[in-house]
Structures are given as C-alpha cells and as structure tokens.
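Close look at the chain arrangement
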There are 2 protein chains.
Amino acid sequence: MTSGTEVRSAAAFLPQGIVEDVCFEVESGRIRSVKHERGELAQRRLGLLVPGMPNLHSHAFQRALVGRAEHRTIQDPSQSDSFWTWREEMYRIAQRLDEEALFSVASLLYVEMLEAGYTSVGEFHYLHHGPDGVAPPERGAYGRVLLEAAAEAGIRMTLLPVPYFTGGFDRPADPRQRRFLHRDAEDFLQLLTGLAQDVKRSGARLGVAPHSLRAVPLRILEDILDGAREVLGSSHPIHVHVSEQEAEVESCLKATGRRPVALLLERFEVGSSWCLVHATHVDAAERAALAASGAVVGLCPSTEANLGDGHFAFEAYLDEDGLFGVGSDSHVTVDPAEELRHLDYQARLRRRRRGVVARDGDPPRPGITLWGRAQTGGAQALGEKVSGLTPGALADWVELNLEHPRLAGLAPAAALDAFLLGSAPGAVRSVWVAGRPVVEDGRHPLRDAAERRFRSAMKQWTVEG
Amino acid sequence: MTSGTEVRSAAAFLPQGIVEDVCFEVESGRIRSVKHERGELAQRRLGLLVPGMPNLHSHAFQRALVGRAEHRTIQDPSQSDSFWTWREEMYRIAQRLDEEALFSVASLLYVEMLEAGYTSVGEFHYLHHGPDGVAPPERGAYGRVLLEAAAEAGIRMTLLPVPYFTGGFDRPADPRQRRFLHRDAEDFLQLLTGLAQDVKRSGARLGVAPHSLRAVPLRILEDILDGAREVLGSSHPIHVHVSEQEAEVESCLKATGRRPVALLLERFEVGSSWCLVHATHVDAAERAALAASGAVVGLCPSTEANLGDGHFAFEAYLDEDGLFGVGSDSHVTVDPAEELRHLDYQARLRRRRRGVVARDGDPPRPGITLWGRAQTGGAQALGEKVSGLTPGALADWVELNLEHPRLAGLAPAAALDAFLLGSAPGAVRSVWVAGRPVVEDGRHPLRDAAERRFRSAMKQWTVEG
C-alpha cells in the first residue's frame, strides 16, 4: 500500500467506542489518522472494522493432533483420560513431524487464523530438534519453518523459542521430550541468537518462552532471562505456561513451598513484558497480584475446556482490571469469536445471570468489552505497544459484513455482540494486515494450495487416526 | 427420489458404529436396506454420513432477537441483567412481529438449520394472535406461516402449539403476554383441531406444548392433555418448559409444595411421548426419576448459557442412561455441533478431565456418544419412532466432507470427533431429507432469497438495534 492511502468504513471500533463513517489514512502499514467522514463513495466502503485479534498462544504443530486424541489410545485402565494422557498422544505426534510436515501444518493453520480474524500469532515454539532428538543440520531450522509459513500467509509472527530442561520439579526430562531440550542456558541462548537475524529479516518479532516452572529450574530461568535481555533488549515478550493443572500447582508447592504464580511474582519482575499462559488454578491473592502486575494472562478457553483444565475466574479478574488475551493453543478451535464466547458463557453460567463481562460501552456491551480488551492484552503480549484502531497503531483490522444475515438490521455495536455470542459463519468478509487485505470475501488466496499440502502431509497418519 | 434409489457413502454412522463403504437403498423417503459395499463408482460416493439431527426446541420468532438483547435496554438499576430482563426484550419484539415478518424470519432460520445439519425442528409455538392480542383473521394463521416456511425450506416440522394462561403460579397473565393467551382449554383445543388438517396436508407432525407449570394451571393442563389425546391420538409429542430458572423452582415449591419436575412426574404419566425442556435445576432424585421415565430432556446449551440459566448435570444424567436431545431455542447459535461441544466441554470443566461424556464406540468416543444419543433422543421427542441410519428410518442424513481440512487424514470416527469438538466451518457438504439433498456444497438453494427477505424484514428494527 502506498503512503497515505485512505480506507473508508461504514463503522469502526475505535478506542472511544463504535463510531459510524470512519476514514483511516494508512502509511507504511500503520494508521496515520482517523477521521469521521460520511462516505461519499458508498460502494467502496467496508463494513464494520474491528482491530485484528492477536492469537497470543499457538503451538502450530498441535494442529496435526486435532481429532486424533479424543479417544483413549493409551490403554492404562488405572489412568482416567486427562491432560496427561492427551500429552502422551501429543508427544507421539511431536516425535514424528519433520520440517516439511511442519511447514504444511503451519501454513494451513495460519490461513485458518487469518480467515477467522487473527492478524498476529505468538508461536510458543519448542520443537527445536530433529525427530531423533538432535539438532537438525541447520540450527533453528524449525523456527525458520514457522517464520516462512507466517510470511507466506501474511500473518504477523512473534516467535517465542522455548527453553525446556526437566520433566518436572527435580525430575529429569524423559526421552519423549528430547526434541524440546537444550543442554543448558548457554545452548538455548545460542539458538536464540541465531534466530534473531532471521526474525529481523522476516519482519517478525522475537521473545522467549520458558516452558513452565516444571520444565525450567529457577536458577536456569534466571540465566536465560539475563541472557535474553542481552540478545533482545529489555522489553521483549516473556511467555510462560503456568498453573494449567492442579497437579502442577501441587508439585510446585511441594518443591518450593510456593504456588507457581506467587513464586514467579516473588522471584522475577513480572510486568508488562510478561504473558502468563493459562493461570487457571490461581488463588485470589495470586489473581489480584497478577492483575496489578501489568502482565497479560493468556487464556485459551477452547483448549482449556478440551483438556478439562478447569475454570479461570474471568469475571473476578475483570473486576480487578486484569489484562488478558486469547490463544488457540492446541487449535481444536481456531476462532477468536468462539474463544471469547466460551469465556462469556462460562462466566454467565457461574453467576447465573447475563451481562456478566460487559464493562465497556454505553450501555456496557459484552462484545465491546471482550473484543476490545482481548485485543489490547494480546497486542501487549506479542510486543506491540499501541493497540486498537488509533493513530500510530498497526493497520491490522477485521471487516465484519454488516449485511451478513446474522448481523443484518443491527446497529454496529449490536452486530459485534451477535458476531461474538452466536456462530455467524462467513461474517468475516476481509482481514487486513499492515493496511493490505490478506483475506477477501472470507477467503485467503492460498487456502486451496495450503489445503492440498496439508492433506498430503496428513496422509501418513491416517491408519492411526 | 424414485423408489429403490441407491446412495453410496465412504462411511456411515450406523447403530453399531461407524462403518466404511455403506450403500443405502431408499424408498418413499425411508431407508429400505443398508449394505456393506465397496464403492465401485468412487466419484459418486458421499463422505461420512451421520443421521440428521433433530432440533427439538425452537421459537422461530426469537431469531429476530439475536444481537438485540445483549445490552441492558431496560433501565431498572435495581435489577441485574438476567433471563427475566431478556424476556422483557423478547416480549417487546414478540408484540410487533406480523405474519409476513414471521415468515421471513422463519424461512432464513430453517435454511440456517439445514445448512448446519438439523433435518427436523420442533416449533414450540406460542405466537398465536395478532399484534393487538386478538386472533388474526384466520385462526391459527401464525402456525400456518411456520408450516409454510418449513415446507419451502424442506425441513421436517413438528408443530407444538402452546397453551398459555397465567403469568405465574396464581398470578394472571400480563398485557405483554396477550398474543400467547387462550381463554380456556376449550379455546386452545379449537386452535389445535383447526391446525390438525393443515399439518396433515403439509406432511408435518403435530403435538402440544403446555408452556410451563407457571403458565398453565394443573387443572387446565389435565383438560388440555385429555383433549389433545382426542384430537391427536395417544402418542403425540408433549413438550413443556421446566425448571430453567431457580426462581421458577422456588415459586413452584411455594405454590404446590413440590419442585416442578417432581410435580410433573407425580401428576402425569410422563413417558416416551414427553420432552422436558431445560430441566436445568433438578435435584438428584428428580434427575434419576426423569432418566428412568423414558422421557427426553431437551437441552439448549447455547441459549441456556446466553441466559445464564445454570448447569444441567449432563454427565450424571448420562450415567443414569437418561435420554436427551438438543435445541437451538432462541437461535443465538444455530449449529448442533456447537451445542454438543458446549455440553461436552462444560462436563470436562466440571470434572477436570477428558473423555467425560464418551460412553459409546470401541474405544468410547465423545463424537459417537454425543451425536448418536442426541439424534435418538431428538427423534423420539419429535414423534419419530425409528432413529439412526437403519432400515425403516427416515432417509435424513448429513454428509461430512472427509477431505475438509479439519477432518482430512482422520479415520471417520476421529473425523466426527474433530467436527464436534472444534469449529470446522464448511465441513457439512450436503444435507438430505427423505432421501433427497436439500443442501448441496454446503449451501441451501434458497439462501439468497431468504437472506433478502430477512434483511428487508429486519430494516424496521434497525434504529433500536
């Protein structure tokens, strides 16, 4: 897009609310100005523009797992099906994926994300080594595969390489985790340094994602955060899985005398660079401290429900003005509207009333609160300073078709409610990244090619499906 | 379809499980035989066929409400937003809908249902009179509008006219309910008799749906069930709203000394003709008695979540071998897969493990249990004796595209899991009713026309949206 291009919309979700007749001036991929302007050229106007949603937590390779892990394949009758049995299945696939298959899986996934309204993705990336557990010929090759797939699809990427060392608090890693492991902090920091150049070249961002307190001993975590600061500067994103499972909280308590979130807050300067993913099992004190810290909680409602993790006290956290964003995580669902719907509906069911999450808008509306806050938190978690559709922000937006039959006849703010609180297949008409449309008429131009590659990659697993 | 037509599929969900290479012989709209047959003409084969899902609870006119009732329009600060404030909003729209608008709304709704995989619908129909609360010129006209819309779209209809008399236990109806009311049992039974001919002519089914114990005094309910038996025979469907809200349970206890489900079971022969809609707030004894009764519980997960009703103890009810089906109710979502996903995910979150609902299949799979049981329960609730894809059953099925990228490379049973447990937009390729395709390539041929009519009907409410 050449400098100073103008884009007109019938309505747009601006920081002050949903406003009709808005003209954006775009320069170098960012919004230069936002003006109120009655559209003369109605036929060239877009529908309702909402800021593009960041997908703050993705493990791209797990897209290959969807549908394959809903029945018990591990025949240990003493164990009921849980996060931990699912993880066995995930390891089984993780051990076999090569670079070509990963590219095929990630390509289709990023097309799916864009079509659903995600405009950026945080890749919590721990598949570092070849199927035999040693580094592939070119160090960092799997990370580069993800960068390449994102660049091809046109989604913004924040690559978050994962240091991973142990199989639990004071327990060594097991052989099925060998593709994820580094020898020591230094070994991981070499990978990070190597990736920094490629990331810069591809226009992506780089952060670091210590897998979890159970996989990264505190002493090594300190070295890694110090080292990462040298490589990446002081405000790069730091993501960590935390308190997804009660068993993890118990092990941490046993090993350290602290609950995981309390321990992180005590030992590190957890602030606006941080994203704590899941944080499902926090006590009230941890939740309030987390809200006050300025860090983002990364909620992944469809994955957390699929894995039976438990309930995050979302409505209480909103009362404490906590920041949050959403991620599709294992990709059982790739749809920001559905993630937000799960959050809202679970809160309504817990409180046995409606309007539980609505805080913003006049009158307050769930759509404004859910989409607005998830976009703000997600942008921060992925390292973007400005969120929303405002001068200086990225020209990343999602166009909802106001003539779509699930939205037709509604005022724009009500249309956003209808989009989020009911399934509205096909309501996303176009998706723009850096001021350019990457999805038009609901379809990404690479969908057909990505589907073909994906199907062919999936053929190898058919017999076990 | 001429008699004896054959339809071949790559795989089909039969009573014994998912079987590959299945040929159905169809005659007069029903399945005559099911054979295992390797498809010679691969290009003419369908993908995975699953039995068409009955939508056992619909209030068609509420489709006009979607998106309009998520913000508080009733400014009574003493009341928090709830089912009851939503109902005010619903009454506001219900009072204004005329026959033409109802037809437009229902037409699009039935197209949406078919495209999503519902092949039949139970219309819990209480909009009997004109906007001024008196009968329209032709008695039963609104019911006929629904029959006509269903016939045009090609969805099976079980029309369930609703007797409605009081505004609560020992409380008269209020003016906003005037379109729903009949003077007495006799007045309602005249409507029922009048509709019986039209229903028969259109190939639909007819039942009766006493609105709820709070709207139909027990004495009148007895007269109506006796009268309906004379008009419709002994095994017509009987649907009733019950225990959706705690306030309703409390009022019933106060007025009668019994909880609503306990009272129904005590006073009526609740059995296989009955469908108790919602039954959210049942105690363990009511739940077990309900499961043993042979009646169907009509679950409407998306509406119940949207309204903040509360949790039905689904996994406990499955342990008791209770029958259930699903309904889209207020139509905030029109998607059987999403309804079933909500049920499963809520059960996983309550139990904090996976595979909570999986009971059928070898190994047990959530997809088989959810789709299979909801289809069986739904068929029974709508008055169909035979369910599933088996000789003698209706030739109503949904074809899932096994090449769809969310299902590609999966064995058919895993594909059903992936379809239900993640959003898979476009995975429904064709939908058949009575052995004929009514949806092909994911699209109903009347969609465009139905959308145009709907948009034009919705225009009148835009300013208030």
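Source: prediction; values computed, not measured. (Residues numbered from 1 in each chain as written. Chains lettered and ligands numbered in written order. Predicted model: local features only at pLDDT ≥ 70, side-chain atom pairs only at ≥ 80, totals over all residues. Heavy atoms only, no water.)

1. Things to note about the overall build of chain A
Per the secondary structure count, chain A includes 14 helices and 17 strands. For a compact globule of 465 residues, the expected C-alpha radius of gyration is about 23 Å, and chain A comes in at 21 Å, within 12% of that figure. Taken over the C-alpha atoms alone, chain A extends approximately 65 × 45 × 45 Å along its principal axes. By the burial criterion, 65% of the 465 residues in chain A qualify as buried. Contacts spanning at least 24 positions in sequence make up 73% of the contacts within chain A whose residues lie at least 6 apart. For chain A, the accessible area works out to roughly 15900 Å², and carbon and sulfur atoms hold 48% of it. Computing the positive centroid from 52 side-chain charges and the negative centroid from 63, chain A places the two 2 Å apart. (Helix = DSSP H or I, 4+ residues; strand = E, 2+ residues; numbered from the N terminus. Rg over C-alpha atoms; globule rule 2.2 N^0.38 Å. Buried < 20%, exposed > 50% of the residue type's maximum accessible area, 1.4 Å probe, protein only. Contact = heavy atoms within 4.5 Å. Areas by Shrake-Rupley, 256 points an atom, 1.4 Å probe, with all protein chains shown as cover. Lys, Arg positive; Asp, Glu negative; His and termini not counted. Charge placed at Lys NZ, Arg CZ, Asp CG, Glu CD.)

2. Section: the relation of the copies chain B and chain A
In screw terms, the move from chain B to chain A is a rotation of 180 degrees and a rise of 0.0 Å along the axis, fitting with an RMSD of 0.0 Å. Viewed as a symmetry operation, the transformation between the two copies matches a two-fold axis. For chain B, the minimum C-alpha distance to the rotation axis belongs to Pro425 of chain B and amounts to 3.4 Å. When the interface residues of chain B are mapped onto chain A, 100% of them are again interface residues, pointing to one common binding face. (Least-squares fit on C-alpha atoms with pLDDT ≥ 70 in both.)

3. Some details on the interface of chain B and chain A
On the side of chain A, 67 residues touch chain B, which itself brings 67 residues to the contact. For the pair chain B and chain A, the two sides together bury roughly 5500 Å², of which 51% comes from carbon and sulfur. A per-residue breakdown of the area chain B buries against chain A is headed by Leu349, Arg354 and Arg406 of chain B, which together make up 16% of the total. A salt bridge links Arg348 of chain B to Glu70 of chain A, with the nearest nitrogen and oxygen atoms 3.0 Å apart. (Buried area = accessible area lost by both parts, 1.4 Å probe. Salt bridge = Lys/Arg side-chain N within 4 Å of Asp/Glu carboxyl O.)

4. With respect to the sheet that holds strand E10 (residues 205-206) of chain B
Residues and elements named next belong to chain B. The sheet built from four strands is open, its strands ordered E5-E6-E7-E10 with parallel pairing. What marks the edges here is a single partner per strand, and that holds for strand E5 (53-58) and E10. Pairing of strand E6 (residues 118-125) with strand E7 (residues 156-161) involves six bridges; the strand directions are parallel. Pairing of Phe124 across the sheet is with Leu160, part of E7. (Pairing = 2+ DSSP bridges.)

5. Some remarks on the packing of aromatic side chains
Scanning all chains against the criterion turns up 26 aromatic pairs over all chains. A centroid spacing of 4.7 Å and a plane angle of 90 degrees characterise the contact between Phe83 of chain A and Trp84 of chain A, whose relative ring orientation is edge-to-face. Centre to centre, the rings of Phe314 of chain B and Phe324 of chain B are 4.9 Å apart; their planes meet at 90 degrees, and the pair counts as edge-to-face. You can see Phe314 of chain B sitting in helix H10 (residues 314-319) and its partner Phe324 of chain B sitting in strand E14 (residues 323-326), a full ten residues away along the chain. Here Phe314 of chain B falls in the buried class, since its relative accessible area comes to 1%. For Phe324 of chain B, a relative accessible area of 2% corresponds to the buried category. Linked through ring pairs, Phe61, Tyr91, Tyr126, Tyr164 and Phe180 of chain A together constitute an aromatic cluster. The ring of Tyr142 of chain A carries Arg179 of chain A above its face, with NZ or CZ at 5.2 Å from the centroid. (Phe/Tyr/Trp six-rings, centres within 6.5 Å; stacked < 30°, edge-to-face > 60°. Lys NZ or Arg CZ within 6 Å of the ring centre and 35° of its normal.)

6. Some thoughts on the sheet that holds strand E4 (residues 46-51) of chain A
Residues and elements named next belong to chain A. Across the sheet, which stays open at both edges, the seven strands sit in the order E3-E2-E1-E4-E15-E16-E17 with mixed pairing between neighbours. In the strand order of this sheet, the two ends are held by strand E3 (30-36) and strand E17 (436-439), each with one partner. Direction aside, the axes of adjacent strands within the sheet are offset by 40 degrees on average. Strand direction decides the pairing type here: strand E1 (residues 5-14) and strand E2 (residues 17-27), joined by nine bridges, are antiparallel. Bridging from a neighbouring strand, Leu14 pairs with Gly17 of E2. (Axes fitted to C-alpha atoms, helices over the stretch in contact; angles between N-to-C directions.)

7. Considering the environment of Glu320 of chain B
Residue and element names in this part refer to chain B. Inspection of the secondary structure puts Glu320 in the loop between H10 and E14. Sequence-wise, Glu320 and Ala450 are 130 residues apart; in three dimensions their C-alpha atoms are separated by 42 Å. Excluding anything up to four places from it in sequence, Glu320 contacts Arg287, Ala288 and Ala291.

8. Topic: the nonpolar core
Residue and element names in this part refer to chain A. Core analysis: the biggest nonpolar cluster contains 135 residues, and Tyr110, Leu264, Trp274, Leu276, Phe324, Leu340 and Phe419 have the highest contact counts within it. Sort the elements by how many residues they give to this core and helix H2 (residues 99-116) lands first, with eleven residues. With near-sequence residues (within four places) excluded, Trp274 lies in contact with Leu225, Ile238, Val240, Leu264, Phe268, Glu269, Ala295 and Val296. (Core = buried A, V, L, I, M, F, W, Y, C linked by side-chain atoms within 4.5 Å.)

9. Comments concerning the packing of helix H12 (residues 366-381) of chain B against helix H13 (residues 412-421) of chain B
Residues and elements named next belong to chain B. Where H12 contacts H13, the two axes come as close as 8 Å, and the packing angle between them is 70 degrees. Here H13 runs roughly perpendicular to H12, going by the angle between their axes. The chirality of how H12 crosses H13 is left-handed. For the pair formed by H12 and H13, the contact residues are Pro366, Gly367, Ile368, Leu370 and Trp371 on the first element and Leu416, Asp417, Phe419, Leu420 and Leu421 on the second. Of the residues in the contact of H12 with H13, the class split is eight nonpolar, one polar and one charged. (Parallel < 35°, antiparallel > 145°, perpendicular 65-115°, else oblique. Left-handed = near helix turned anticlockwise from the far one by under 90°. Nonpolar A, V, L, I, M, F, W, Y, C, P; charged D, E, K, R; others polar.)

10. Considering unusual backbone geometry
Residues and elements named next belong to chain A. Here the residue pair Asp362 and Pro363 is connected by a cis peptide bond, since its omega of 0 degrees sits within 30 degrees of zero. As for its position among the elements, Pro363 is in the loop between helix H11 (336-351) and helix H12 (366-381). For Asp170, which is not glycine, the phi torsion reads 60 degrees and is therefore positive. Here Asp170 shows up in the loop between strand E8 (166-168) and strand E9 (171-172).

11. Looking at helix H11 (residues 336-351) of chain B
Given 3.6 residues per helical turn, the α-helix brings residues three or four places apart onto the same face. Residue and element names in this part refer to chain B. Helix length check: H11 (16 residues) gives 23 Å between terminal C-alpha atoms against 22 Å at 1.5 Å per residue, within 8%. Among the residues of H11, the N-terminal cap falls to Asp335, whose side-chain oxygen and the backbone nitrogen of Ala337 are separated by 3.0 Å. Positive phi shows up at Arg352, right after H11, with a value of about 55 degrees. (Expected span 1.5 Å × (residues − 1). Polar contact = N/O pair within 3.5 Å; in protein donor to acceptor, adjacent residues only side chain to side chain.)

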